[in-house]
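# Residue-level structural notes
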Amino acid sequence: NEMQVVFDLYKLKKMEDYETGRLIKYAIGCLKGDTNNIEMKHLDYVNEFIKTGTTGKAIDLSEGFMVNISYNDLIVRKSIEKIENFKYNIKINEPLYIREIGKVILCKLIDAANLNMNDKSINIDYELVNGNLVVRNRRDGDKIIPCGMTGTKKLKDIFIDMKVPIYERNKKLIIADDDNILWVEDFRIHNDYKISSSTRKILNITITEA
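Residues numbered from 1 in each chain as written. Predicted model: local features only at pLDDT ≥ 70, side-chain atom pairs only at ≥ 80, totals over all residues. Heavy atoms only, no water.

### As for the pairing of strand 7 (residues 103-111)
This is how the line gets drawn: Note on pairing: two strands pair once DSSP finds at least 2 bridges between them. Numbering of helices and strands runs from the N terminus, with a helix taken as a DSSP run of H or I at least four residues long and a strand as a DSSP run of E at least two residues long.
Summarising the sheet, strand 6 (residues 96-98) and strand 7 pair through 3 bridges and their orientation is antiparallel. The residue bridging I98 from the neighbouring strand is K103, located in strand 7. Taking the residues between adjacent antiparallel strands as the criterion, strand 6 and strand 7 are bridged by 4 residues, where G102 takes a positive phi near 65 degrees.

Here it is as structure tokens:
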């Protein structure tokens, strides 16, 4: 896309420095429209990074560009603003716009008898929710008992398993009550909040792009 160019890191490691330098310069040209102010020292910097960098690491180049490694990808991208911590109280049946990431979340209460399992929304047993419902992004030490498991798992490890790049992790929505994280976006709900045959009221969560 117009924000980034992705290379196969393994292939870059096998290439000569002048070849990788040419590719990086070409990528910046594609993103920026020109390669003015991209000097040899910048390309040397990237070549060293290709040899020694590890996943999650990033370096800044001039002109508002950065290069980062995400698993087997080397990504050249325009620098973006860091997503700050956010936290909003959820009101049932009221759409909530989360300006930091440009998404809208809607939490509805529905009777279990009216549940439609075909839609893409998330369903939680509402009567197991304790206290206030909030939507936020991650915090250090966050953990959840994923549905189908008995032990807790750190969100950091979940994001690693899901291969979510570091710069994307602050964008993932989290629903929590006063006790636990109930659900992590694109992942499973908390095991203790899953619906069952005795569930009467369901918290139905839908996320859309604003």
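### Examining the side chain of R169
Worth spelling out the cut-off: The classification of residues rests on relative accessible area computed with a 1.4 Å probe and restricted to protein chains. Under 20% of the type maximum is buried, over 50% is exposed, and intermediate values are partly exposed. Here Asp and Glu are counted as negative and Lys and Arg as positive; His is not counted, and neither are the chain ends. Here, a salt bridge means any side-chain nitrogen of Lys or Arg that lies within 4 Å of a carboxyl oxygen of Asp or Glu.
By secondary structure assignment, the location of R169 is in helix 5 (residues 166-169). The side chain of R169 is buried and forms no salt bridge, while D157, the nearest opposite charge, is found at 8.1 Å.

### Description of unusual backbone geometry
With a phi close to 70 degrees, N93 is a non-glycine residue in the positive phi region. Its location among the elements puts N93 in the loop between strand 5 (87-89) and strand 6. Positive phi is not limited to glycine here, since K163 has a value of about 55 degrees. Following the sequence through the fold, K163 ends up in the loop between helix 4 (155-161) and helix 5.

### A word on the sheet that holds strand 8 (residues 122-125)
Here is the rule: In this analysis an axis means a line fitted to C-alpha atoms, helices contributing only their contacting stretch, and an angle means the value between N-to-C directions, from 0 to 180 degrees.
In spatial order, the strands read 6-7-14-8; together these 4 strands make up an open sheet with antiparallel pairing. Of all strands in the sheet, those bounded by a partner on one side alone are strand 6 and strand 8. Direction aside, neighbouring strands of the sheet carry axes that sit 25 degrees apart on average. One ladder, built from 9 bridges, connects strand 7 with strand 14 (residues 201-209); its direction is antiparallel. Within the sheet, the bridge partner assigned to K103 lies in strand 14 and is E209.

Limitation: the analysis is restricted to geometry and does not speak to function.
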